[in-house]
Number of protein chains: 4
Amino acid sequence: MYHFESDYLEGCAPQILEALRETNLEQTLGYGEDAHCALAADRIRYVFDCPGAEVHFLVGGTQTNATVIASLLRPHQGVLCAESAHINVHETGAVEHSGHKVLALSPRDGKISADQILAALEAHHTDFSREHMVQPGMVYLSFPTELGTLYTLQELEDIRKVCTDWELPLFIDGARLGYGLEASGCNVLPRDIARLADVFYVGGTKQGALFGEAVVFSNPALAEDFRYCIKQNGGMLAKGRLLGIQFEVLMNEGLYFKLARRADRLADRIREAFRRKGVEFLVENTTNQIFPVLEIDAIDRLSVEFGVERWQTVDETRAAVRFCTSWATAESAVEALESYIHNNL
Amino acid sequence: MYHFESDYLEGCAPQILEALRETNLEQTLGYGEDAHCALAADRIRYVFDCPGAEVHFLVGGTQTNATVIASLLRPHQGVLCAESAHINVHETGAVEHSGHKVLALSPRDGKISADQILAALEAHHTDFSREHMVQPGMVYLSFPTELGTLYTLQELEDIRKVCTDWELPLFIDGARLGYGLEASGCNVLPRDIARLADVFYVGGTKQGALFGEAVVFSNPALAEDFRYCIKQNGGMLAKGRLLGIQFEVLMNEGLYFKLARRADRLADRIREAFRRKGVEFLVENTTNQIFPVLEIDAIDRLSVEFGVERWQTVDETRAAVRFCTSWATAESAVEALESYIHNNL
Amino acid sequence: MYHFESDYLEGCAPQILEALRETNLEQTLGYGEDAHCALAADRIRYVFDCPGAEVHFLVGGTQTNATVIASLLRPHQGVLCAESAHINVHETGAVEHSGHKVLALSPRDGKISADQILAALEAHHTDFSREHMVQPGMVYLSFPTELGTLYTLQELEDIRKVCTDWELPLFIDGARLGYGLEASGCNVLPRDIARLADVFYVGGTKQGALFGEAVVFSNPALAEDFRYCIKQNGGMLAKGRLLGIQFEVLMNEGLYFKLARRADRLADRIREAFRRKGVEFLVENTTNQIFPVLEIDAIDRLSVEFGVERWQTVDETRAAVRFCTSWATAESAVEALESYIHNNL
Amino acid sequence: MYHFESDYLEGCAPQILEALRETNLEQTLGYGEDAHCALAADRIRYVFDCPGAEVHFLVGGTQTNATVIASLLRPHQGVLCAESAHINVHETGAVEHSGHKVLALSPRDGKISADQILAALEAHHTDFSREHMVQPGMVYLSFPTELGTLYTLQELEDIRKVCTDWELPLFIDGARLGYGLEASGCNVLPRDIARLADVFYVGGTKQGALFGEAVVFSNPALAEDFRYCIKQNGGMLAKGRLLGIQFEVLMNEGLYFKLARRADRLADRIREAFRRKGVEFLVENTTNQIFPVLEIDAIDRLSVEFGVERWQTVDETRAAVRFCTSWATAESAVEALESYIHNNL
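Calculation rules
Residues numbered from 1 in each chain as written. Chains lettered and ligands numbered in written order. Predicted model: local features only at pLDDT ≥ 70, side-chain atom pairs only at ≥ 80, totals over all residues. Helix = DSSP H or I, 4+ residues; strand = E, 2+ residues; numbered from the N terminus. Rg over C-alpha atoms; globule rule 2.2 N^0.38 Å. Buried ≥ 20, exposed ≤ 12 C-beta atoms within 10 Å, placed from the backbone. Contact = placed C-beta atoms within 7 Å. Nonpolar A, V, L, I, M, F, W, Y, C, P; charged D, E, K, R; others polar. Pairing = 2+ DSSP bridges. Axes fitted to C-alpha atoms, helices over the stretch in contact; angles between N-to-C directions. Domains from an automatic or database assignment. Least-squares fit on C-alpha atoms with pLDDT ≥ 70 in both. Core = buried A, V, L, I, M, F, W, Y, C linked by C-beta atoms within 7 Å.

Engineer: Give a detailed account of the overall build of chain A, specifying residues and quantitative values.
Structural biologist: When you go through chain A residue by residue, the secondary structure sums to 14 helices and 13 strands. In summary, chain A has a C-alpha radius of gyration of 20 Å against a globular reference of 20 Å for 345 residues, a match within 12%. The dimensions of chain A, computed from C-alpha atoms along their principal axes, are 60 × 55 × 35 Å. By residue count, 60% of the 345 residues in chain A fall in the buried class. For chain A, restricting intrachain contacts to residue pairs at least 6 apart in sequence, the fraction spanning at least 24 positions comes to 74%.

In structure tokens form, the structure reads like this:
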């Protein structure tokens, strides 16, 4: 059986495992204050062209989102995002657990627009009862989105402008950042992410690391006392060097992007295979997640040989499923899938 | 100028003021453990026919909602309600401040249905990723709703059945409970509220009291340690007897209902006056809030003589406004309004 | 039986009741945006000589403390105070409920010193593990303290200096502020409170009002969006004018201070009566609370005629009890008590 | 330089690294629902003789403490523990962040007693104002304590009895559980921990794993919906199998205990070396942490060759330092230290 359920089915890129082995008996300070974390942070600042940024390493995405958001908002503020945003639907209310409302906007293909954000801000500002409502205090985007779609550079610039005009921090969730930046047709560069966001994170867990997300405050003024917040939210790893080592490796000689590119190209092949058979997609995208819409019984048959995630019912007879590729996807698995699609759909 | 902006424009029913004067120099224990609170609680148990209920008095509605909800939910649980629910839109995130997500369902005329609630519960229960989502832990309704509409007895029975089947507490926000129970066409009795809800509150602030909401746990098992929760949420009034005295008066000889009935009848007259002129309403209802849809310039003209609240834009030229009557509305004000409508719309 | 258990046994000063009666049918905007609140705020600014201050009215003390503290701290910060502080022992963890640790220092006679605060700040700052600890983010004092003692002007100046040096807001809980300012030997003036605190409150509940605390941000920069915070914490009274009216009356022609002075003088007489009989006190103070240490059986006998609060066991045979006077204490009650002490102790 | 600063200076036991390598390309379900986690849980149930226990794996200790405590308490409840407890001093207020007060008792050698707990419960229960105070809702112990001391079996039995009598859950923090169970003189067995605690955790981070803590609900009724709580608190590792694999290895053929025993014996040698020179200890203990009290200048000299943690000032000239051994401590490092102590102190 070939597995395409998610991009975190396997362990990690072998280079990381090797680095863990080599450094295993090194003795370092704990809690991220070691030389590996320092070097990894340097490499991230270099790759994202943000020399003044402050970089922190956390273990997982939900933790990272909750910690960043709680550290940026005052108690009466909430976070603007898409209804489909991970923080709104798949983090068991971690944002609310820290006291804040998620202010969800209706997305198109998983994305929200500068106009929507502006409208929400103006509506709040002009409402006579605004003090009875949660005040928008920041904007959260995913790049790529939960549906694998991408904001164009212009869309990001427009959102940035609204954030600047209204003095709201912009936070970009980059759990799959590499897959986005390497997608065909993406016109956003790493340095654009750093330039346009106040804070973003570079996802490791889904991109070849065992675990780990690198939070980058390209606006370092917002990072004050962030380490206290990490600790308070249970995200400060005792052996912090494990995070440093992993990002040191991923950011070395472009490995992070190389792994992502390969996965994106494999995803392109799967997309193309479906397209050739006239299969529609829940959403058009170019990253490592593919959402074909299939007949239920076709899904049942396919699921005998290929592990996929049931995503969403479309109508009585059809549903969307999700295929993920990753740094670890075997080319042979993609070939088997191409062949299956060609012959059986 | 005649004011119809809200039902809390004035002080309180004169009987209450008189009782405050009479009792002013009485010396009582603080924090609601006095004889007035005890008597008021008895009267509420009698009027709502729930002899085993536990009754507590709080100062305001937002405080009451947040305290009841926080006391009933475990950390990973949220509260199901209408998108238009007061807790979702007009309490500055008080529920989220206590750590819980508001799980908002799309309402019809301000109401949600048993089917919607059931669908949400089943969707959560059958979702493979449910542990990544907030678990529905209770249901919140307003009676009347924020749009002045009412659940029928059958609708409440149906919702109760779902709550019973799924072991979810049902909480009814009765900030305007009296206006609902006395509305023409209402087939719900006080004892139905107590029988169908696990916990509800009898609103005082908008129904003739200076302030105060009486929380009734008709399911007293849910009231364990509720006084700790009141105190923690800043709702335990030092001179608690002020709440007891007010509800003692309101629940005496049906005053609470008498005041509400009068306001509802005045509202009926206003509704009828609009109807005669062919004016449509944002929503059909029979309680003390009326939402006619008017041309913007008609609203501007009307606003010179009558204070109303701008409620909602309907289209380019029209908006809905809100008129409220209350225990304090002067009949002469209603007559002036009737006459204005007749002559000017 | 004469009651000295607390200073909130009765309703309110008759002038307030009269004002409530007179204004009862006035129609005002809700939520504290009425003319009475505006006038009351002006009078407070005048009396406390802080023309630029921002003034807000809340219902009760616990609510006020939790709201102010939550609005001032970032998530990883805590509030420095005395172990005996009301926020540490008698608010059912309201501060923790909003996510913050109470950083309690060991008090002397209910007071903490500038040196203690400085030592705590330095200890935190120099600790290698400080990011693993809660960061001191503000200082909370009660004036008078929970034991009825008073900071001298010099002590407050010293604490202010530490707060200024370390950029920490200083918050003074004035639940019994008047009793403090009018105490014999007090060398602190109203304007000193406003000058030295960043934010303080003028207690109404225990000083002649039905309820109500006036929060004064003499440092108005800290008041940003405070109304959102009030609403979120359930402290925004719908009929906000009730608070305005009460403080309008209390701040008129020095009524607030007159009532407090009278209570303090009655307390002085009780203290003197005990002193004449050689009774010791749990703590020496000059405000409206008196804590004589008596034999248990003397307490039992006394309690038949006089209501007091058992405060604290002192040794096997003795305990401290608390007598409170208030704006409402009858002179005859004090005379009866003086006579009892003279004849029976 | 030889390092004794902490027990998390290195990576992990080589057997774990090898297992990670071997399993790296296995494809598993995420979030702890894989076969490795299942097997690791089985082994833990076997080793701790608690066949009905529910086992969950989290990444770190602070996260584990906060998640367990938040899942067990109602909002108005707090957790009883020692003032020196990790949750009280070194977790940046994570417990308070989730809304709960830490109710700290004055410890002796890092331990609290059944009598102290009982006294706190009785004091709360009999206090007339108890509803104004945080209600004790559970008990937290560390085994070993933060000072490396151990509760005797009788002490644990006594505490258990109080918890049973008062229906309070008992939670044992076992961040260094193995070092405790293998200490010379310890009369507590693994199955005693499982029998006496309602929930405890088996620390991995400080005992040979890269990271990871295994939470064991030997009272499984308390584990309801715990996975939601893990997710909400950001502790659900996407590649959960990493935790399963590590505990699978540690619990195989007693490796966990073997590693701990070796570290304890090395610590015994260091203790003995100090003792021979007449050095006193901050506290007498038998686990892997040693707290000798030394002259400041002796510490300065020693620190040139040996990395230790400055723990606590004792008087003007002396301080306590902490030496830790671990699964990774080289015997040669201990020999060098023994020799240094012999020759230089």
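Engineer: I'd like a rundown of the interface of chain B and chain D, residues and numbers included.
Structural biologist: Contact residues are listed per partner, giving 15 residues for chain B and 15 residues for chain D. When residues of the side of chain B that touches chain D are traced back to their parent elements, those giving at least two are helix H3 (61-72) and helix H10 (226-232) of chain B. Ranked by residues supplied to the side of chain B that touches chain D, first place goes to H10 of chain B with five residues. Within the side of chain B that touches chain D, the residues separate by chemical class into four nonpolar, six polar and five charged.

Engineer: Kindly report on the interface of chain C and chain B, identifying the contributing residues and their values.
Structural biologist: It is common to give the size of an interface as the accessible area that goes away when the parts come together. Each partner contributes to the interface: chain C provides 40 residues, whereas chain B provides 40 residues. Contributions of two or more residues to the side of chain C that touches chain B are made by helix H1 (14-22), helix H3 (61-72), helix H5 (94-97) and helix H10 (226-232) of chain C. Along the lines of polarity and charge, the residues of the side of chain C that touches chain B split into 16 nonpolar, 19 polar and five charged.

Engineer: Mind laying out the sheet that holds strand E4 (residues 102-105) of chain D, listing which residues take part and the relevant values?
Structural biologist: Residue and element names in this part refer to chain D. One open sheet holds the seven strands; their spatial order is E2-E8-E7-E6-E5-E3-E4, and the pairing between them is mixed. Only two strands of the sheet have a single neighbouring strand rather than two, namely strand E2 (54-58) and E4. The average undirected angle you get between the axes of adjacent strands in this sheet is 25°. With four bridges joining them, strand E3 (residues 77-82) and strand E5 (residues 135-142) adopt parallel strand pairing. Within E5, the position partnered with Gln-77 by the bridge is Gln-135. The strands that helix H3 (residues 61-72) touches are E2, E3, E5, strand E6 (170-173), strand E7 (199-203) and strand E8 (213-217); relative to E8, the one it contacts most, it runs at about 20°.

Engineer: An account of the domain arrangement of chain A is needed here, citing residue identities and associated values.
Structural biologist: All names here are of chain A. Domain assignment breaks chain A into domain 1 (2-7 + 256-344) and domain 2 (14-254). Relative to domain 2, the C-alpha centre of domain 1 lies at a distance of 27 Å. Every contact between the two is made by 19 residues of domain 1 and, on the other side, 22 residues of domain 2. The class makeup of the residues in the side of domain 1 that touches domain 2 is eight nonpolar, six polar and five charged.

Engineer: Break down the relation of the copies chain B and chain D for me, citing the residues and quoting the values.
Structural biologist: One copy of the chain maps onto the second through a rotation around an axis plus a translation along that axis. When chain B is fitted to chain D, the residual RMSD is 0.0 Å, and the transformation amounts to a turn of 180° plus an axial shift of 0.0 Å. On this basis, the relationship between the two copies can be described by a two-fold rotation axis. Across chain B, the smallest distance between a C-alpha and the rotation axis is recorded for Arg-74 of chain B, namely 3.8 Å. A share of 100% of interface residues in chain B that are also interface residues in chain D marks the association as one of identical surfaces.

Engineer: Kindly report on the nonpolar core, identifying the contributing residues and their values.
Structural biologist: Counting residues in each nonpolar core, the largest one holds 235 residues, and the members touching the most others are Val-79, Val-139 and Val-216 of chain A together with Val-79, Val-139 and Val-216 of chain D. Aside from chain neighbours lying at most four places away, what touches Val-139 of chain A is Leu-80, Ile-117, Ile-159, Cys-163, Leu-168, Leu-170 and Phe-171 of chain A. Val-55 and Leu-156 of chain B together with Ala-13 and Ala-85 of chain C belong to the second-largest nonpolar core, a separate cluster that totals 234 residues.

Engineer: Would you mind going over the environment of Leu-17 of chain D in detail, with residue names and values included?
Structural biologist: Position of Leu-17 of chain D relative to the elements: it lies in helix H1 (residues 14-23). When the C-alpha atoms of Leu-17 of chain D and Val-249 of chain D are compared, they prove to be 9.8 Å apart, with 232 residues separating the residues in sequence. Here Leu-17 of chain D is in contact with Leu-20, Arg-21 and Asn-24 of chain A together with Cys-12 of chain D, once residues within four sequence places are set aside.

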